[in-house]
Amino acid sequence: MLSDLSSRSLFRTLLAVLSVTALALLLWALRSVFVLVFGSIVVAVILRVVTNPIKRVFSLPDKLALLFAILLIASLFGSAIWLFGQDIERQAETLWRAVPYAWQSLLARLEALGIANPLQQWLQFGQGGGVANGLRSVLLSLSNALADAVLVIVGGIYLAAEPLLYRRGSVK
């Protein structure tokens, strides 16, 4: 009887530890989803902060005020890109022209030290490593970041469109 009770207790303890461990692993695996949900909530709060005064001042329905808030925020971002985009483009073009000359200058200095050839071999394109692999990973990261930003914005719009529905759903 005593051994039966201790084996049950051991089984319950083991089950509790395994359950907590599985929950921790699940939460860890879903951490990026939680970040996206948090970002969507922040976007929704910003949209509601802009929507409420528009709704109150112009006596518009909620959805129409939200549409105007989205258009206002999008036009502000578009204006900022338009204003600063030319400067960024000019700087990127200057950098694009300066990099080959700086690279040649660096190689000349490294050649004097005798380490230019190993560096060039390490940076060879097409061998599955070096700069080509780095560029591929940078492009992949940028595309993932863009997709995440789109998800956050769309999720924020959905949350801002029906905040009471999602608030009630999250409480239940």
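Everything that follows concerns the structure shown earlier in this document.
The structure presented is a predicted model; accordingly, all values stated were derived computationally and were not measured. (Residues numbered from 1 in each chain as written. Predicted model: local features only at pLDDT ≥ 70, side-chain atom pairs only at ≥ 80, totals over all residues. Heavy atoms only, no water.)

*Asks:* What is the right way to read the environment of Phe38 from this model?
*Replies:* The topology assignment puts Phe38 in helix H2 (residues 31–58). On a C-alpha basis, the gap between Phe38 and Gly155 in space is 9.9 Å, while along the polypeptide they are 117 residues apart. (Helix = DSSP H or I, 4+ residues; strand = E, 2+ residues; numbered from the N terminus.)

*Asks:* Help me understand the pattern of salt bridges in this model?
*Replies:* Opposite charge on two side chains makes pairing possible when the charged atoms of those side chains draw close. A full pass over the atoms with the stated rule returns five salt bridges. The partner of Arg48 in a salt bridge is Asp62, and the shortest N-O contact between them spans 2.8 Å. Separated by 14 residues along the polypeptide, Arg48 in helix H2 and Asp62 in helix H3 (residues 62–113) bring together distant segments of the chain. Relative accessible area serves as the criterion here: at 22%, Asp62 is assigned to the partly exposed category. A single salt-bridge network, built from bridges that share partners, covers Arg48, Lys55 and Asp62. (Salt bridge = Lys/Arg side-chain N within 4 Å of Asp/Glu carboxyl O. Buried < 20%, exposed > 50% of the residue type's maximum accessible area, 1.4 Å probe, protein only.)

*Asks:* Would you mind going over the packing of aromatic side chains with me for this structure?
*Replies:* Taken as a whole and assessed by the stated rule, the structure comprises zero aromatic pairs. Positioned over the ring face of Trp28 is Arg31, at 4.2 Å from the centre of the ring. (Phe/Tyr/Trp six-rings, centres within 6.5 Å; stacked < 30°, edge-to-face > 60°. Lys NZ or Arg CZ within 6 Å of the ring centre and 35° of its normal.)

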